[in-house]
Amino acid sequence: GKPSLGRKPLGMERAADTMEGLLSVHRRRSSRKLAPLATVLAVIALTLGSALTIFHRKIGLGISSITVITSSPSRAALPRLTVKNHRRCQNPRRYGAPPPTTRKHTAMAASDGAQENAQEKAAAAPVKLEPGKGPAFDPGTPWQIPSFQASKRTFQCFGYDEAYTGKAPAISCDGLVQGASLHLSHWNNNKTPDQLYSDLSTEIALRFIKTPASRQDKWNTAVVVNNHFDTDGVCSAYATLKPDLGWKHRRILVDAAAVGDFDEWPRMNEDALKLHASIEAIGAAGESDADKYRLVLERMDNLLENLNCYEDLWGPYMKEIEQGQKNLEVLLSEPYRVYEDNGIAVVLMTQGMDDIPGPVLHKQFGFSNDRFLLAKQQEADTDKYTYKYVMNGHGWAPTKQRPNLKKPYVERLISKLDKSTGGVKWAKAPGLTGLVESKGVVDMDHEDVVDIFATTDNTLRTLAVLKRELASTDDPTAKAADDIFSSDKLGRSKKQLRY
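Residues numbered from 1 in each chain as written. Predicted model: local features only at pLDDT ≥ 70, side-chain atom pairs only at ≥ 80, totals over all residues. Heavy atoms only, no water.

### Focus: the packing of helix α8 (residues 231-241) against helix α12 (residues 289-297)
Where α8 contacts α12, the two axes come as close as 11 Å, and the packing angle between them is 55°. Between α8 and α12, the angle is such that the two are oblique. You can see that α8 and α12 cross each other, and the crossing is right-handed. Where α8 abuts α12, its residues Gly233, Val234, Tyr238 and Leu241 lie against Tyr293, Val296 and Leu297. (Axes fitted to C-alpha atoms, helices over the stretch in contact; angles between N-to-C directions. Helix = DSSP H or I, 4+ residues; strand = E, 2+ residues; numbered from the N terminus. Parallel < 35°, antiparallel > 145°, perpendicular 65-115°, else oblique. Left-handed = near helix turned anticlockwise from the far one by under 90°. Contact = heavy atoms within 4.5 Å.)

Structural data, given as structure tokens:
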């Protein structure tokens, strides 16, 4: 029953093939009558094979080898023949190399294998970008892990009306400071290079520090400037001042900037809520924006490494987030408390309920709506509400990855609402995304109020337009500054981005 190995000449190979064919027919048909005939033919084939072998040896032809392998014990009487032609050793790439039988063949196979492995490694090896030799601000080059050198950049905070007048080039992060040589800002009227632009200043800064040009002496010794304090300003300045640590913590920095500037729920690291709250809490101790930056930037390293140890900084904010989530769950459990109408997300809060934080609303609606109509009930079981109409959190900034929203003609909205809501006066709502709010209690069906906004706000995208945009966004990850995160293979889907 054990496999037996042996060398047989070419004639035996042909005879064995013939015998194997006959025996396979015998096995397939299971006919006892053909067994004597098959045995006689097999003997004849073996005799002819021996004659052919003698003939080949006399005329000096090359002889190949075959290996005779006996099959499993249950079929030991039916040998299976496997031919290994010597041409396979001579041309292994074409025929597939068997285990070499000689030292020469062993050396050939080892040499060929080493050569192929070297070629594969060379093809897979990424092209290294040498600092300062790549094209300036070109994000189209293949993604590479940047090799950061120690940055010599410094930071200065200016007032809104102040200009930078120093000799060294200045990089304006987030805010627009006059006299800066380079803008890394998403603010309106920015002059950020198009190749670097993204929806958040922190993302722009991360794109900048990836470029070889950022390591040139001109920019490596530049002064980083800003004119206001907020989370996006802190995170973009930190990434520019400390590229190695900024790159290491890029996901939480970007998410924290989105929480602070756009009231978004984090996409990659929910600890970004804690980081945003901590930056705001530390900054609150400073008297001026310059003091706030100094207090925060000197603590950022420790804050990023040990964020969970600073519950005294982020604890109160996280309690608001948790309470907001509970309140939204209560509203969702009741009919017609939370719904969407023509791109307007309507949230009807019950009497005495606190405002629902922006990140919680974004987690529920994403980017599917243009506006929020936030209503607070003034008397239980009535349609008496106060209203506030605001844009989606990113609506104030020019965006590429997120839907670029248009701001309506606020005066027209106010005029229409003053005439259509029973004499209740309306005014402009505060904040970058605020549009209008009621100055009194509106006593009318909330659906009628929604209809007024839907018919008067001519900048709304209709649901049909929204569906077309969703259908055309085949790969939102390709539009979401993924040159920053491509190494992580985050695979951010439509559901995660909520486009």
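After that view of the structure, there is still more to cover.
### So, the pattern of salt bridges
A side chain with one charge can pair with a side chain of the opposite charge if their charged atoms come near. Applying the stated criterion to the full structure yields 13 salt bridges. In this structure, the salt-bridge partner of aspartate 199 is arginine 402, at a minimum N-O distance of 2.9 Å. Pair noted here: aspartate 199 is in the loop between β6 (182-184) and α6 (201-210) and arginine 402 is in the loop between β11 (384-391) and α16 (410-420), with a separation of 203 residues, a long-range link. Neither residue differs from the other here; aspartate 199 and arginine 402 are each classed as buried. Its salt-bridge partner being lysine 274, residue aspartate 271 comes within 3.7 Å of it at the nearest N-O pair. Judged by relative accessible area, which is 15%, lysine 274 ranks as buried. By sharing partners, the salt bridges in this structure join Asp199, Glu264 and Arg402 into a single network. (Salt bridge = Lys/Arg side-chain N within 4 Å of Asp/Glu carboxyl O. Buried < 20%, exposed > 50% of the residue type's maximum accessible area, 1.4 Å probe, protein only.)

### Structural notes on the sheet that holds β6
In space, the 4 strands of this open sheet follow the order β4-β7-β5-β6, with parallel pairing throughout. Each edge of the open sheet is held by one strand with a lone partner, namely β4 (154-157) and β6. Put simply, the sheet's adjacent strands are angled 30° from each other on average, direction ignored. Pairing geometry for strand β5 (residues 170-173) and β6, over 3 bridges, is parallel. When the bridges of β6 are listed, isoleucine 171 appears paired with leucine 182. Against the sheet, α6 touches β5 and β6, its axis set at about 125° to β6. (Pairing = 2+ DSSP bridges.)

### A short note on the confidence of the model for the protein
Of the residues in the protein, 64% have a pLDDT of 70 or more, and the chain-wide mean is 75. Overall, residues 118-136 carries pLDDT values under 50, and its contacts beyond four positions in sequence, including any with other chains, amount to 15 contacts. A low-confidence stretch, residues 486-499 stays under pLDDT 50, and its non-local contacts, those more than four residues away or across chains, total 41 contacts. (pLDDT = per-residue confidence, 0-100.)

### Re α16
Among the residues of α16, Val410, Leu413, Ile414 and Leu417 are the ones counted as buried. Projected onto a plane normal to the axis of α16, the buried residues spread over an arc of 95° and lie on a single side. Residues of α16 that are exposed and point more than 90 degrees away from the buried face comprise Glu411 and Lys419. Residues of α16 that are buried sit in contact with β11, β12 (426-428), β13 (434-438) and α17 (446-456). Trailing α16 by a residue or two, glycine 422 shows a phi angle of about 75°, which is positive. (Arc of directions from axis to C-beta.)

### What about the nonpolar core?
Counting 66 residues, the largest nonpolar core has Leu184, Leu275, Met300 and Val347 as the members making the most contacts within it. Contacts of leucine 275, omitting those with residues within four sequence positions, involve Ile252, Leu253, Ala256, Leu303, Leu304 and Leu307. Within the second largest apolar cluster, 26 residues are counted, among which are Leu373, Ala375, Tyr387 and Val442. (Core = buried A, V, L, I, M, F, W, Y, C linked by side-chain atoms within 4.5 Å.)

### A short note on the packing of aromatic side chains
Under the defined criterion, the tally for this structure stands at 11 aromatic pairs. Taken together, a centroid distance of 5.9 Å and an interplanar angle of 70° make the contact between tryptophan 187 and tryptophan 396 edge-to-face. Of this pair, tryptophan 187 sits in the loop between β6 and α6 while tryptophan 396 sits in the loop between β11 and α16; the two residues are 209 residues apart in sequence, bridging distant segments of the chain. A relative accessible area of 24% places tryptophan 187 in the partly exposed class. (Phe/Tyr/Trp six-rings, centres within 6.5 Å; stacked < 30°, edge-to-face > 60°.)

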